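What follows is each chain in one-letter form.
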Amino acid sequence: FQMIFNMINVGIKNTSKNELPKYATPGSSGMDVRADLPGPYVLLPYARTLIPTGLYFDIPEGYEIQVRPRSGLAFKKGITVLNSPGTIDEDYKDELKIILINTSREPFTIEPGERIAQIVFAPVTKVEFTEVSELNKTNDRGGGFGHTGTK
């Protein structure tokens, strides 16, 4: 059994003092990104902020970067990516900044170089719409939110 991965080459500019994002394990799909801060930043309860990373990407055509929370920060501290998953389009060339929110009742201090989110590179599928007067009903589930129950 051999694992086959789709490898792409991505140009990256790093203006921070942090190391480049990397996969933590061979099976990881996301890479951690770190805060590029001059000093500690206190994120108050229920507050949100934009944290710089010092990273700029040449995203290949047909791809996007998805910004996702780190599960440990989310579960243990209540710190998450507000617009998760955030989408970074292939034509975005500015610095990657992460929108964090503190959903806990305690202030949280973000340290310089702290891992604050993860990024995943994903292929993009483009859609062309065809307007119709009726939808194909062969897949009609006959319900809405919660109609299949909880078990």
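Structure: see above.
Residues numbered from 1 in each chain as written. Predicted model: local features only at pLDDT ≥ 70, side-chain atom pairs only at ≥ 80, totals over all residues. Heavy atoms only, no water.

J.: I would appreciate a short explanation of the packing of aromatic side chains in the present structure.
T.: Describing an aromatic ring pair means giving the distance of the ring centres and the angle of the ring planes. Evaluation of the coordinates by the stated rule reveals one aromatic pair. On the basis of an interplanar angle of 70° and a centroid distance of 6.0 Å, the ring pair of F57 and F121 is categorised as edge-to-face. Residue F57 is found in strand β5 (residues 55–58), and its partner F121 is found in strand β11 (residues 115–123); the two are separated by 64 residues along the sequence. Sitting over the face of the ring of Y56, K13 holds its NZ or CZ atom 5.3 Å from the ring centroid. (Phe/Tyr/Trp six-rings, centres within 6.5 Å; stacked < 30°, edge-to-face > 60°. Helix = DSSP H or I, 4+ residues; strand = E, 2+ residues; numbered from the N terminus. Lys NZ or Arg CZ within 6 Å of the ring centre and 35° of its normal.)

J.: For this particular structure, what's the right way to read unusual backbone geometry?
T.: Excluding glycine, most residues fall at negative phi; most peptide bonds, likewise, are trans. Cis geometry is found at the peptide bond from S84 to P85, where omega equals -10°. The phi dihedral of Y46 is positive, around 65°, even though this residue is not glycine. Within the secondary structure layout, Y46 lies in the loop between β3 (41–43) and β4 (48–52).

J.: Which parts of the structure should I look at to understand the sheet that holds β11?
T.: Within a sheet, each strand pairs with its neighbour through backbone hydrogen bonds, oriented either parallel or antiparallel. If you trace the four strands from one edge of the open sheet to the other, you get β2-β11-β6-β8, paired in antiparallel fashion. The sheet is open, and its two edges are formed by β2 (31–34) and β8 (86–88), each paired on a single side. Neighbour-to-neighbour, the strand axes of this sheet turn through a mean angle of 35°, independent of strand direction. In this structure, strand β6 (residues 63–68) lies alongside β11, joined through six bridges in antiparallel fashion. The residue bridging V67 from the neighbouring strand is I119, located in β11. (Pairing = 2+ DSSP bridges. Axes fitted to C-alpha atoms, helices over the stretch in contact; angles between N-to-C directions.)

J.: Is there a simple way to think about the side chain of T49 in this case?
T.: On the secondary structure map, T49 appears in strand β4. For T49, a relative accessible area of 14% corresponds to the buried category. A polar contact of 3.2 Å, which involves the side chain of T49, links it to the side chain of Y41. In contact with T49, not counting residues within four places along its chain, are Y41, L43, I98, I99 and L100. (Buried < 20%, exposed > 50% of the residue type's maximum accessible area, 1.4 Å probe, protein only. Polar contact = N/O pair within 3.5 Å; in protein donor to acceptor, adjacent residues only side chain to side chain. Contact = heavy atoms within 4.5 Å.)

J.: It is not clear to me how the pairing of β5 should be interpreted in this structure. Could you clarify?
T.: The side chains of a regular strand alternate between the sheet's two faces. On β5, burial follows the alternation: L55 and F57 on one face are buried, whereas Y56 and D58 on the facing-out side are not. As paired strands, strand β1 (residues 11–14) and β5 are joined by four bridges and run antiparallel to one another. Each bridged residue has a counterpart across the sheet, and for K13 the counterpart in β5 is Y56.

J.: Teacher, can you tell me more about the pattern of salt bridges here?
T.: When the charged atoms of two side chains lie near each other, side chains of opposite charge can form a pair. Taken as a whole and assessed by the stated rule, the structure comprises five salt bridges. Salt-bridge contacts for R34 lead to E19; the nearest nitrogen and oxygen are separated by 3.8 Å. Pair noted here: R34 is in strand β2 and E19 is in the loop between β1 and β2, with a separation of 15 residues, a long-range link. The exposure class assigned to R34 is partly exposed, which follows from its relative accessible area of 24%. Look at E19 and you get partly exposed, because its relative accessible area is 42%. Bridged by salt links that share partners, the residues E19, K22 and R34 form one connected network. (Salt bridge = Lys/Arg side-chain N within 4 Å of Asp/Glu carboxyl O.)

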